[in-house]
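Here is what each chain is made of, one letter per residue.
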Amino acid sequence: MGKIAIYPGSFDPVTNGHLDIITRGLTIFDRIIVTILENPSKTLLFSLEERIDLLSQSLEGIENVEIASYHGLLVDYAKQRGATAILRGMRAVSDFEYEFQMALMNRKLEREIQTVFLMTGLRWIFTSSSIIKEAAKFGGDIESMVPHVVKERLEQKFNVRINGNGAVDDPR
Ligand code: PNS
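Notes on the structure follow.

Conventions adopted
Residues numbered from 1 in each chain as written. Predicted model: local features only at pLDDT ≥ 70, side-chain atom pairs only at ≥ 80, totals over all residues. Heavy atoms only, no water. Core = buried A, V, L, I, M, F, W, Y, C linked by side-chain atoms within 4.5 Å. Buried < 20%, exposed > 50% of the residue type's maximum accessible area, 1.4 Å probe, protein only. Helix = DSSP H or I, 4+ residues; strand = E, 2+ residues; numbered from the N terminus. Contact = heavy atoms within 4.5 Å. Near = heavy atom within 4 Å. Polar contact = N/O pair within 3.5 Å; in protein donor to acceptor, adjacent residues only side chain to side chain. Areas by Shrake-Rupley, 256 points an atom, 1.4 Å probe, with all protein chains shown as cover. Phe/Tyr/Trp six-rings, centres within 6.5 Å; stacked < 30°, edge-to-face > 60°.

## A closer look at the nonpolar core
- Within the largest apolar cluster, 29 residues are counted, with the highest numbers of intra-cluster contacts made by Tyr7, Val34, Leu59, Leu87 and Leu154.
- Among the elements of the structure, strand E1 (4-9), helix H1 (16-25), strand E2 (31-36), helix H2 (48-58), strand E4 (85-90), helix H5 (129-137) and helix H6 (148-158) are those that each provide at least two residues to this core.
- Looking at which element gives the most residues to this core, the answer is H6, with four residues.
- Each residue touching Leu154, except ones within four places of it in the same chain, is listed here: Leu45, Phe46, Ile132, Lys133, Ala136, Ile142 and Ile162.

Following this line, the structure appears as structure tokens:
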């Protein structure tokens, strides 16, 4: 079966930063299960179905990746799927405390599963779903930070036109 990792998150919506972590994660793990879970502290823009759809279009053509969703504890799902690791991206120091807390809690809940962190690529250091939504709401140019399909869906959601300079940073 090989080494399986769960890459959990809200993915509201998926960004190029997420895709960067997934593609680099695939050089370590044989299979990555990108799993949408509930983060009670977040207000969502996209429905679960929309987030799954955006992820599957963005990951088209990438092998050994699966998209899933789970209602409950991340470690329970990881165990259920035979995963031995949780993959998370780390951006700046500001991410550290939250990630550290979550990793320790997950380890307390399930000692057999290790959390593995990858540092975000430098060009995605300021990329987050929340900041992208904030900018996109007012037509800010977020074109180079998200897959094309996400840009289009944000335009529809906010009823705005995002006029990028056409520069698309392909994270793959
Ligand atoms: O992309 P996010 O919002 O930073 O991801 C956070 C997420 C969804 C991975 C986290 O909230 C989570 O794991 N939720 C499921 C419940 C759980 O197991 N929480 C961690 C232990 S308290």
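## Quick word on the site of the ligand
- Taken together, 15 residues sit near the ligand, with Ser10, Glu38, Asn39, Lys42 and Leu74 positioned nearest.
- Side-chain polar atom of Asn39 to an oxygen atom of the ligand: 2.8 Å apart, as the coordinates give it.
- Lys42 has a polar side-chain atom sitting 2.7 Å from an oxygen atom of the ligand.
- In isolation the ligand exposes 550 Å². Once the protein is present, 81% of that is buried.
- Secondary-structure elements contributing two or more residues to the shell around the ligand are E1 and helix H4 (93-109).

## Re the packing of aromatic side chains
- Overall, the coordinates contain three aromatic pairs when judged by the stated rule.
- Between Phe96 and Phe100, the ring centres sit 5.2 Å apart and the planes meet at 20°, which makes this aromatic pair stacked. Linking Phe96 with Phe100, this pair stays in helix H4, spanning four residues, or about one helical turn.
- Taking the relative accessible area as the measure of exposure, Phe100 reaches 42% and is therefore partly exposed.

## Section: H6
- Of the positions making up H6, those classed as buried are Val149, Val150, Lys151, Arg153, Leu154, Glu155 and Phe158.
- Of the residues flanking the end of H6, it is Asn159, one or two places downstream, whose phi is positive at about 55°.

## A few points about the side chain of Asn39
- Within the secondary structure, Asn39 sits in the loop between E2 and H2.
- Of note is the side chain of Asn39, whose polar atom sits 2.7 Å from the side chain of Ser41.
- Here Tyr98 takes part through its side chain, which lies 3.4 Å from a polar atom of the side chain of Asn39.
- Those residues in contact with Asn39, other than ones at most four positions away along the chain, are Ser10 and Tyr98.

## Details of the side chain of Lys151
- The topology assignment puts Lys151 in helix H6.
- Other than its neighbours up to four places away in sequence, Lys151 contacts Ile142, Glu143, Val146 and Ile162.

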